[in-house]
Protein chains: 2
Amino acid sequence: MLLKASLRDITPYSAGKSFPDKVKLSSNENPLGPSPGAVKAIEAVLGGLHRYPDGASTMLRDKIANIHGLTREEVAVGNGSDELFALICGALLDTGDLGLISENTFSEYRFSLKLFGATVESCPLKEGCYDLRGLAAKVKAETKILFLCNPNNPTGTYFNHRELDNFLSALPSHVVVVLDEAYQDYVDAPDYPRALELIKKYPRLMVTRTFSKIYGLAGLRIGYALGQEELIRSMLTAKQAFNVNLLSQAAGAAALDDQQFHNSSREMTLEGKKQLYKGLDDLAIQYYPTQSNFICLSLGIPAEELYQQILDRGLIIRSLKSFGMDRHIRYTISSKEDNQRFLDILKELKSC
Amino acid sequence: MLLKASLRDITPYSAGKSFPDKVKLSSNENPLGPSPGAVKAIEAVLGGLHRYPDGASTMLRDKIANIHGLTREEVAVGNGSDELFALICGALLDTGDLGLISENTFSEYRFSLKLFGATVESCPLKEGCYDLRGLAAKVKAETKILFLCNPNNPTGTYFNHRELDNFLSALPSHVVVVLDEAYQDYVDAPDYPRALELIKKYPRLMVTRTFSKIYGLAGLRIGYALGQEELIRSMLTAKQAFNVNLLSQAAGAAALDDQQFHNSSREMTLEGKKQLYKGLDDLAIQYYPTQSNFICLSLGIPAEELYQQILDRGLIIRSLKSFGMDRHIRYTISSKEDNQRFLDILKELKSC
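A quick note: this is a predicted structure, and the numbers were derived from the prediction, not measured. (Residues numbered from 1 in each chain as written. Chains lettered and ligands numbered in written order. Predicted model: local features only at pLDDT ≥ 70, side-chain atom pairs only at ≥ 80, totals over all residues. Heavy atoms only, no water.)

**With respect to the relation of the copies chain A and chain B**
Take chain A, turn it by 180°, move it 0.0 Å along the axis, and it overlays chain B with an RMSD of 0.0 Å. On the angle and the small slide along the axis, the relation comes out as a two-fold axis. Residue by residue, 100% of the interface of chain A is reproduced at the interface of chain B, so both copies engage with the same surface. (Least-squares fit on C-alpha atoms with pLDDT ≥ 70 in both. Contact = heavy atoms within 4.5 Å.)

**A closer look at helix 8 (residues 229-237) of chain A**
All names here are of chain A. All of the buried residues along helix 8 are Leu231, Ile232, Ser234 and Met235. Buried positions in helix 8, seen along its axis, are confined to an arc of 160° and lie on one side of it. The inward-facing, buried residues of helix 8 contact strand 2 (75-78), helix 3 (81-92), strand 6 (176-180), strand 7 (205-210) and strand 8 (223-226). (Buried < 20%, exposed > 50% of the residue type's maximum accessible area, 1.4 Å probe, protein only. Helix = DSSP H or I, 4+ residues; strand = E, 2+ residues; numbered from the N terminus. Arc of directions from axis to C-beta.)

**Some points on the interface of chain A and chain B**
If you look at the interface, chain A gives 60 residues, while chain B gives 60 residues. Here chain A packs against chain B, burying approximately 5,200 Å² in sum over the two surfaces, 61% of which is carbon and sulfur. Interface area lost by chain A to chain B is led by A:Leu2, A:Tyr52 and A:Gln240, which between them contribute 15%. Our enumeration of links across chain A and chain B arrives at two salt bridges. B:Glu29 is the partner of A:Arg51 in a salt bridge, and the nearest nitrogen-oxygen pair spans 2.6 Å. Scanning the region where chain A abuts chain B turns up 30 residue pairs in polar contact (both at pLDDT 80 or more). Residue assignment for the side of chain A that touches chain B shows that the elements contributing at least two residues are helix 1 (36-45), helix 3, helix 4 (108-115), helix 8 and helix 9 (246-257) of chain A. Here the element with the most residues in the side of chain A that touches chain B is helix 3 of chain A; it accounts for six residues. Broken down by class, the residue content of the side of chain A that touches chain B amounts to 30 nonpolar, 16 polar and 14 charged. (Buried area = accessible area lost by both parts, 1.4 Å probe. Salt bridge = Lys/Arg side-chain N within 4 Å of Asp/Glu carboxyl O. Polar contact = N/O pair within 3.5 Å; in protein donor to acceptor, adjacent residues only side chain to side chain. Nonpolar A, V, L, I, M, F, W, Y, C, P; charged D, E, K, R; others polar.)

**Notes on the environment of B:His68**
Residue and element names in this part refer to chain B. Checked against the element boundaries, His68 lands in helix 2 (residues 58-68). Expressed as a C-alpha distance, the spacing of His68 and Glu230, which sit 162 residues apart in the sequence, is 18 Å. In this view, His68 contacts Leu196, Arg209, Tyr224 and Leu226; residues no more than four positions away in its chain are not counted.

**Some details on the nonpolar core**
General note: in soluble globular proteins, nonpolar side chains tend to be found buried as a group. In terms of nonpolar packing, the biggest core is built from 174 residues, with A:Leu148 and B:Leu148 touching the most fellow members. Filtering out sequence-adjacent residues up to four positions away, A:Leu148 remains in contact with A:Tyr109, A:Tyr130, A:Leu132, A:Leu135, A:Phe159, A:Leu164, A:Phe167, A:Val177, A:Val178, A:Leu179 and A:Asp180. Core analysis: the second largest hydrophobic core is formed by 24 residues, B:Leu280, B:Leu283, B:Ile285 and B:Leu297 among them. (Core = buried A, V, L, I, M, F, W, Y, C linked by side-chain atoms within 4.5 Å.)

**Focus on the packing of helix 3 (residues 81-92) of chain B against helix 8 (residues 229-237) of chain B**
Residue and element names in this part refer to chain B. Where helix 3 meets helix 8, the closest approach of the two axes is 7 Å, and the angle between their N-to-C directions is 95°. The orientation of helix 3 with respect to helix 8, classified from their angle, is roughly perpendicular. Across the interface between the two elements, Leu84, Leu87, Ile88 and Ala91 from helix 3 touch Leu231, Ser234 and Met235 from helix 8. Counted by class, the contact of helix 3 with helix 8 contains six nonpolar, one polar and no charged residues. (Axes fitted to C-alpha atoms, helices over the stretch in contact; angles between N-to-C directions. Parallel < 35°, antiparallel > 145°, perpendicular 65-115°, else oblique.)

**Focus: the sheet that holds strand 5 (residues 143-149) of chain A**
Residues and elements named next belong to chain A. If you walk across this open sheet you meet the seven strands as 2-8-7-6-5-3-4, and the pairing is mixed. Two strands lie at the open edges of the sheet, namely strand 2 and strand 4 (119-123), each paired on one side alone. Put simply, the sheet's adjacent strands are angled 20° from each other on average, direction ignored. Direction of pairing for strand 7 relative to strand 8: antiparallel, over a ladder of four bridges. From the neighbouring strand, Val207 faces strand 8, where its bridge partner is Leu226. Helix 3 rests against strand 2, strand 5, strand 6, strand 7 and strand 8 of the sheet, and its axis sits at about 155° to strand 7. Strands in contact with helix 6 (residues 161-170) are strand 5, strand 6 and strand 7; relative to strand 5, the strand with the most contacts, it is inclined by about 180°. (Pairing = 2+ DSSP bridges.)

**Focus on the confidence of the model for chain A**
Low pLDDT means the predicted atomic positions in that stretch should not be read closely. Considering every residue of chain A, the mean pLDDT works out to 97; 100% of them sit at 70 or more. For this predicted complex, the interface confidence score (ipTM) comes to 0.96, while the overall pTM stands at 0.97. (pLDDT = per-residue confidence, 0-100.)

**A look at the side chain of A:Asp258**
Note that A:Asp258 resides in the loop between helix 9 and helix 10 (259-282). With residues up to four places along the chain from it excluded, the contact list for A:Asp258 reads A:Ser35, A:Pro36, A:Gly37 and A:Ala38.

**Section: the pairing of strand 10 (residues 294-298) of chain B**
Residue and element names in this part refer to chain B. Within strand 10, five of the five residues are buried, which leaves the element mostly enclosed by the surrounding structure. Residue alternation in strand 10 divides its side chains into two sets, Phe294, Cys296 and Ser298 and Ile295 and Leu297, and both sets are buried. Note that strand 9 (residues 286-287) and strand 10 share two bridges and pair antiparallel. Each bridged residue has a counterpart across the sheet, and for Gln286 the counterpart in strand 10 is Ser298. In this structure, the hairpin formed by strand 9 and strand 10 is closed by a connection of six residues. As judged from the four bridges shared by strand 10 and strand 13 (residues 329-332), these two strands associate in the antiparallel manner. Looking at strand 13, one finds that Ile295 is bridged to Tyr331.

In structure tokens form, the structure reads like this:
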């Protein structure tokens, strides 16, 4: 077979589906569209598309650094967070290394580790939450990279600052921790980890964030990583010359200035969350309390079946079978109208 | 050191520099700007940027396949050709594998091989040309991937159909050949390889092309690969879920329809080539005959020195020191005026 051994059991990524005439609420995209500030910034630079982008993404990194009180050397940007996961794996993984992940989480962690030949070990969720103790117990001398997703995709659950700090302080110093905070803009828990504090304390902690969600730029592919200088420098060694395109660099920088859009997006999600909690409670449907722009729930029936029934009624949600949860679905919190429609469909299905 | 062994001797990519008030002719960018058709296509889809791109790039792959008389399964697209080089290395390279490249060629081949842990062997150019016999003699049982650049960046030289066909037919069947044809749109040599014929004949041949040059879309990052189905399927296994952004997919497809822009770009380069040949001959300056949109020449003085002298006079060209040619420079063929200015500068420097 024309494929190296470590990739032979890779399942292709299962993306949220699209159908004309159906409302897509399966990929945690921003229901308000893209940041208008970002769109304007793209229009302004289109005439220069024949030029290569700045390979170092200097302007965008400076902007991100500035907002977080960091230096440019403590920031990397990637062609989506996916690329950042691959970069850190590409920079560090040698033959015989282990990677450690949780089960029922974002699939690109496993993929990135296996792409660079690591053997992947995993630890189950505990009642829908990352089991930090369980993960710590699985760390070995060969464990080089450990991925955390907080809040977790697809459950929306989180671990708090104290829990993470304790976990990191007990971890052997040879382990690099990648903390994916793609959904942190939607968090309202006051004890959510203060990642910037932790980066200063732990030289082997890397935090990733994204422009795909709250800034509505999933189509462009822009993620960024924060960490201490040595870690960031290492990961950038694995970077292709021009990894982040010219439009993404302009759009990302402009999006960070578009606070109004950021705020409206956050507000809509937090209001939608209240609406959904109330509706689901009324229907006595089990869900995980969420710190994200999505909610994970179960009607006790097979996820693929529920997915199809909801699709037949006009909404595309995500069956979590590909996440290893075959009786759960994930719904992207949307407008009041979409949310109500979702609740109405659930009500109908429950009474069937 | 926080970096795996195979990356410790990687030199960061040396990009063409930009300075305000200087004309940039150092990165083989299109002097006519971006394809207007592509720009229009981007504007038309900006409102949908909050959506993830099609991870399979179906529409763009179908379009490319159609133009070349291939199927979708025989086409891959990447975030620039750079990503395609990394994908094939990521899909195939296992511990202990060797990669084979030429010296004085595009640096991303070596990078991609080392990123996935291969040991890289190389073969010198022969009078500025790829030495196919020399390369063939260096193939071993462990040689898994061999990179060819035709026409070669930075010399502009080429090997012909017969030479390549003979080379491929004599190659052991365990070697995958990546043939980078980034500049093939500028070729006017009638005996240039007919890559599509060769793909049908050799299951382990992959050909890459780019939208960065003749379509003026370097800023967007879009390259594509053609090959037999098994090879393409293998390389796509190494792909991140959403590697090619939504705007690139739309722009690439539209650019392929913008034949007028393609033709004008080609015409300008071919006329510029004639102008430069004549001017350089008159000045008795040595250059390599080129099949590309650039020309490689030497005044016999150190490249960095010549680079600086030309920069002082307003043009940014490329010193080829980072390509291992420390007495050669590379000039991107441009408008009649730019070309004349370049010739005038060379004349002045020669008479110093």
